[in-house]
Amino acid sequence: MQKKQIRIGWFYLLPLLTVNGVVVFLPAVSNVFLSFTSWSGLGQPKWIGIDNYIRLLQDDVVHQAILRNLVWTLIFLIVPMGLALFGAYLVLRAPAAGTFFRLVFFTPYIVSTVVSASVWSFLYSPTLGLSPLLFGAGADTPNLLGNGDTALYAVALANIWQWWGFLMMVFFAAMQSVNPSLYEAAELDGAGAFRKLISVTLPAIRPTIMFLALMTVIWSFLIFDYIFIMTGGGPAGKTEVLGTLLYKSAFWSREAGYAASIGVLMGLISLFVVGIYLSLRKRLKWEI
Amino acid sequence: MKPKLAASGLKSAAITALLTLLAGCTAPMADQGEVITMWRPITSDAEQTYIQENFVDAYNATNPVNPVEVSYRDWNTAAQLQQASVAAGEGPDIIYTAGPSNALAYIQAGQLLPLNKYAEEFGWNDKIQPWALETGYSEANLYLIPETYETMLMLYSPETFEANGWSVASNRSDFDTFVQQSQDAGMTAIATGNKSWAPTTEHLLSVVLNNVAGPEAVYEALSGNKSWTDPEFVDAITTMKGWFDSKAMGGGSEMYFSTTVEELYNSIATDTASTYWTGSWAFNNVGEYFPEDGQGKSWDWSLVPPLSDRVSEPPVSIGIGRTIAVNAATKNPDGAAAYINWLIQNPKAQLAKTAAIGVAPMPLMFDAADFPADIDPRVASLYQTIADAKTIGYLTWTFWPPKSNRYLYEEMDKVIVGDLSVEDYLAGLDALFAQELAEGLVPPRPNPSN
């Protein structure tokens, strides 16, 4: 009977496994294969062994892109995560106004990325945006997207604006599930609001924090949309990340084989991050 | 309960299989080749409506056996979608590309059908401008038919020029004076920006390479007889870099990277810039910014003047904006060629399109009678200027091989911001170009003396 149940279970899983196999597993395997070829994206790929990977190691543009992905990761691990934790805690402590603020903070998340990125591009415009209003029009008006030193951070700010509300909602939900008796106990021990946040709330929602941190790192290495829409990787390549580089290699330079090797690199980075997380979980005996 | 669930699952599977089968039954319609499919990149709703009514519907009205069905795609993603589809052995019967350089990968992959026999049968050699048809050849096979042609130009407002006592410069010295006077008047001398289109730098490079280094030098370098590190090219790139440094071009690098096309048109209409270096595609939109209500300014165009002693008259830099070709996997090559031939045999329809929506025509052998009465004389004069050109130049996106072309504008951006020296930039171009030349990836080019 149990074997029959297992068979039925597999039968129901079959469509999902088939879909996953076709749209995830097979493309992933073919991408790995293509990374060992010279291929324009059309016609027959030509096997070139590890040449693409040797080029990856020597390509300064790739190194710079990885560095920017790391900067992006660091920004997103600190700013939106910190904002979201703090915001969720404040919203939790103000139940009356909480619903209003949750709505306000979460709304950007439901805005289309293209719309959001386009609006932010407009806001940053040195002729039509906020800069000429705040600092006056002219040659010295701050031009955040036009300046290579500030462009990446300006794009990150736009993305954070949309993203942090989602994190806040997840943290808020996690904080709501913390056992109230822990707070009562802390209060009996004389803990204030800050001490309760540090010693009760954060340890209690640690699995949520760790999971979102893990996903933040993975998503940060996949970032493409905001950068492509707002700067296209410019000015002068100053916001080029692995995602935009992959796209341009595949479709602008017609080096789909090389683009595939960049894709494999991105996948390996994600696997590495997941590996670190699993290792930490095992070593520290986390339940999640 | 469980057997019931299993039965339900089997039932679902059976329905799915039936739907798949039914879906499969509709597939042969396209495979029979009765419908000729195309994916056309468009830039506006007006363009889509015009093309559908005046080309697709008009053709289908007289050719019901092999009607054309056009799927209109967003300009930004059309090429990628088509590449993915063709790579999978599918794709439309008629393939669009963004010019010969872009189409090379299709040719090399054997995805396009040679059209020599149709060219001979329908006499295309006598219908298409020779230089344009030549760009469609690869190793004696004709693969690409030019669908639009274009050139670079300088857009300006005659009222602004008149108010400041300017006339269009005819040499470098006059142009330098004009640049200085523009800046003194608080205007950007050469408006440009790449916020809307990242490769805009290649437009500017097309101008300086031809107008500073000269078409002869470019022709020799493209033919592999001259190095890109030679002094003419150093002069061209240094000139462009100098204009950015002095903020004469694009208002400087920071403004360049953050200025949109809409702002550029407005800059001419509102006197914040004295010229806007753009291409003939500007005719699609320029009217929106200069309404002919007698209240505001008007616009006109001029070729960019010669910018060194090496160039005696303004070169007319030419290039192909789009090409059409026949998918090697098509089931109906004759039907696809018939539609292309219909386009080629209708020069009046091509110019009527240009008159109506500003979209460039096919580079056909036009005569005066082909121009519609309602075409804007400024637009007509541009195409007449190209036809009369004694010296032609080369637009990078048509005559440079793909990797060199991408290098040209992406690395030039680094020169503009000071991250790369002019010498290193040209040395890098020279090495990459030599590699692509050896691989046979450089598109054919006409002689500069036309």
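Note that this is a predicted model, so its numbers are computed, not measured.

### Thoughts on the overall build of chain A
Here is step 1 of the chain: Secondary structure assignment for chain A yields 13 helices and two strands.
Here is step 2 of the chain: Principal-axis analysis of the C-alpha atoms places the extent of chain A at approximately 80 × 70 × 35 Å.
Here is step 3 of the chain: Out of the 288 residues belonging to chain A, those deemed buried represent 42%.
Here is step 4 of the chain: Long-range contacts, defined here as pairs at least 24 residues apart, represent 67% of the contacts in chain A between residues at least 6 apart.
Here is step 5 of the chain: Averaging the coordinates of the 18 positive side-chain charges in chain A and doing the same for the 12 negative ones gives two points 13 Å apart.

### Observations regarding the pattern of salt bridges
Here is step 1 of the chain: Considering all chains together, one arrives at 20 salt bridges over all chains under this definition.
Here is step 2 of the chain: Glu255(A) serves as the salt-bridge partner of Lys403(B), at 3.5 Å between the closest nitrogen and oxygen. Taken together, the positions of Lys403(B) in helix H20 (residues 402-416) and Glu255(A) in the loop between helix H12 (242-251) and helix H13 (256-283) put the pair across two chains.
Here is step 3 of the chain: Taking relative accessible area as the criterion, Lys403(B) reaches 24% and is therefore assigned partly exposed.
Here is step 4 of the chain: Measuring nitrogen to oxygen at the nearest pair gives 3.1 Å for the salt bridge that ties Arg172(B) to Asp176(B). You can see Arg172(B) and its partner Asp176(B) sitting in helix H9 (residues 172-184), four residues apart, about one turn around the helix.

### Structural notes on the nonpolar core
Here is step 1 of the chain: Among the nonpolar cores identified, the biggest contains 68 residues, and Trp124(B), Ile145(B) and Tyr339(B) are the most heavily contacted of them.
Here is step 2 of the chain: Counting residues domain by domain, this core receives three or more from each of domain 1 (33-150 + 318-388) and domain 2 (152-317 + 392-438) of chain B.

### Things to note about the confidence of the model for chain B
Here is step 1 of the chain: Residue-level pLDDT values for chain B average 89, and 92% of them are 70 or greater.
Here is step 2 of the chain: Below a pLDDT of 50 lies the segment residues 1-33 of chain B, which in the model reaches 12 contacts outside its immediate sequence neighbourhood of four places, other chains included.

### Some words on the confidence of the model for chain A
Here is step 1 of the chain: On average, residues of chain A carry a pLDDT of 91, and 99% of them reach 70 or more.
Here is step 2 of the chain: Here helix H6 (residues 130-135) of chain A is the element of chain A with the lowest mean pLDDT, 83, and helix H2 (residues 51-58) of chain A is the one with the highest, 96.

### Quick word on the interface of chain B and chain A
Here is step 1 of the chain: Across the contact, 32 residues belong to chain B and 35 residues belong to chain A.
Here is step 2 of the chain: Summing both partners gives a buried area of about 2,900 Å² for chain B against chain A, and 56% of it is carried by carbon and sulfur.
Here is step 3 of the chain: Counting across the chain B and chain A interface gives three salt bridges.
Here is step 4 of the chain: Taken together, the links from chain B to chain A amount to 10 residue pairs in polar contact (both at pLDDT 80 or more).
Here is step 5 of the chain: Counting residues per element, the ones that place at least two in the side of chain B that touches chain A are helix H1 (2-26), helix H4 (78-87), helix H5 (100-108), helix H13 (253-256) and H20 of chain B.

### Considerations on the pairing of strand S10 (residues 316-326) of chain B
Residue and element names in this part refer to chain B.
Here is step 1 of the chain: With 11 of 11 residues buried, S10 lies mostly within the body of the structure.
Here is step 2 of the chain: By the bridge criterion, four bridges tie strand S3 (residues 94-97) to S10 in an arrangement that is antiparallel. Counted as the bridge partner of Tyr-96 is Ile-324 from S10.
Here is step 3 of the chain: Pairing of strand S6 (residues 145-156) with S10, which is carried by six bridges, proceeds in the antiparallel orientation. If you follow Glu-150 over to S10, its bridge partner there is Gly-319.
Here is step 4 of the chain: Pairing geometry for S10 and strand S11 (residues 392-394), over three bridges, is parallel. By the bridge assignment, Val-316 is partnered in S11 with Ile-392.

Thresholds, definitions, all that
- Residues numbered from 1 in each chain as written.
- Chains lettered and ligands numbered in written order.
- Predicted model: local features only at pLDDT ≥ 70, side-chain atom pairs only at ≥ 80, totals over all residues.
- Heavy atoms only, no water.
- Helix = DSSP H or I, 4+ residues; strand = E, 2+ residues; numbered from the N terminus.
- Buried < 20%, exposed > 50% of the residue type's maximum accessible area, 1.4 Å probe, protein only.
- Contact = heavy atoms within 4.5 Å.
- Lys, Arg positive; Asp, Glu negative; His and termini not counted.
- Charge placed at Lys NZ, Arg CZ, Asp CG, Glu CD.
- Salt bridge = Lys/Arg side-chain N within 4 Å of Asp/Glu carboxyl O.
- Core = buried A, V, L, I, M, F, W, Y, C linked by side-chain atoms within 4.5 Å.
- Domains from an automatic or database assignment.
- pLDDT = per-residue confidence, 0-100.
- Buried area = accessible area lost by both parts, 1.4 Å probe.
- Polar contact = N/O pair within 3.5 Å; in protein donor to acceptor, adjacent residues only side chain to side chain.
- Pairing = 2+ DSSP bridges.

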